[in-house]
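Chain residues, written in single-letter form:
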Amino acid sequence: NPYTGSFVGLAFVLELGPVLTAVVLAGRVGAGISAELGSMAVSEQVDAIRAMGADPVQKLVLPRMLAATLALPMLAMLANILGVFGGMLIAGQNGISASFYYQSVIRTVELADLANGLVKTFFFGWIIAMVGCHMGLRTQGGTVGVGESTTRAVVVGSIAVFVSDFFLTKVILLL
């Protein structure tokens, strides 16, 4: 199919790269944040930070939020590159030359498409970190509660990514 490169390029840059990377990050990083902060909450370490006069949000939430918000766009860009390259390998197995595939990707995918996909990842990273921190800091009930908070962070974070992707895409298409 002469449109394979175009379809794969646009699909990865606009949706697959950003959203799938965010879902993986929600599963891995969101769970990690929730588990770490949940363990701190049930062992009263968060209360100790408050008792020492420090703000737990500034000490615990802000660094995680910044890290997720800044790391996700870079990871999504890597996913875009690998996805388009993987599409080229599959297209090659189906008789489409690498140069033709590459040219169709370059001809179709514009810088604005790449920017539109990557803009969403900043929101996704922020959402994932906020959900993980919220679930972690609200943890109660010992180790059982940590497990429940971690599961909840993954589920809510993943669903929030899909819902926000829908609305962000609508907003971007209106601009």
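Residues numbered from 1 in each chain as written. Predicted model: local features only at pLDDT ≥ 70, side-chain atom pairs only at ≥ 80, totals over all residues. Heavy atoms only, no water.

Thoughts on the packing of helix H5 (residues 111-137) against helix H6 (residues 142-174)
In plain terms, the rule: Axis definition: a line fitted to C-alpha atoms, over the contacting stretch in the case of helices. Angles run 0 to 180 degrees between N-to-C directions. Put simply, DSSP H or I for four residues or longer makes a helix, DSSP E for two residues or longer makes a strand, and each gets a number counted from the N terminus. For this classification, under 35 degrees means roughly parallel, over 145 means roughly antiparallel, 65 to 115 means roughly perpendicular, and everything else is oblique. Crossing handedness is defined as follows: a turn of the near helix away from the far one that is anticlockwise and smaller than a right angle gives a left-handed crossing, while the clockwise case is right-handed. Throughout, a contact is declared for two residues whenever any of their heavy atoms are within 4.5 Å.
With their axes 9 Å apart at the nearest point, H5 and H6 run at an angle of 150° to one another. Compared by their axis directions, H5 and H6 come out roughly antiparallel. Pair H5 / H6 crosses with right-handed handedness. Of H6, the residues touching H5 (which contributes Asn116, Lys120, Phe123, Phe124, Ile127, Ile128, Val131, Gly132 and Met135) are Ser149, Arg152, Ala153, Val156, Gly157, Ala160, Val161, Ser164, Asp165, Leu168, Thr169 and Ile172.

So, the pattern of salt bridges
Formally: In what follows, salt bridge is the name for a side-chain nitrogen of Lys or Arg lying within 4 Å of a carboxyl oxygen of Asp or Glu. Residue exposure (1.4 Å probe, protein chains only): buried if accessible area is under 20% of the type maximum, exposed if over 50%, otherwise partly exposed.
The full count for this structure, using the stated rule, is 4 salt bridges. Here glutamate 15 ties to lysine 120 by a salt bridge, and the two come within 2.8 Å at their closest N and O atoms. Taken together, the residues span a long stretch of sequence, with glutamate 15 in helix H1 (residues 4-42) and lysine 120 in helix H5 at a distance of 105 residues. The exposure class of glutamate 15 is partly exposed, given its relative accessible area of 27%.

Comments concerning the environment of leucine 60
Of note, leucine 60 is situated in helix H3 (residues 56-93). Once residues within four sequence positions are removed from consideration, leucine 60 is found in contact with Leu37, Met40, Val46 and Ile49.

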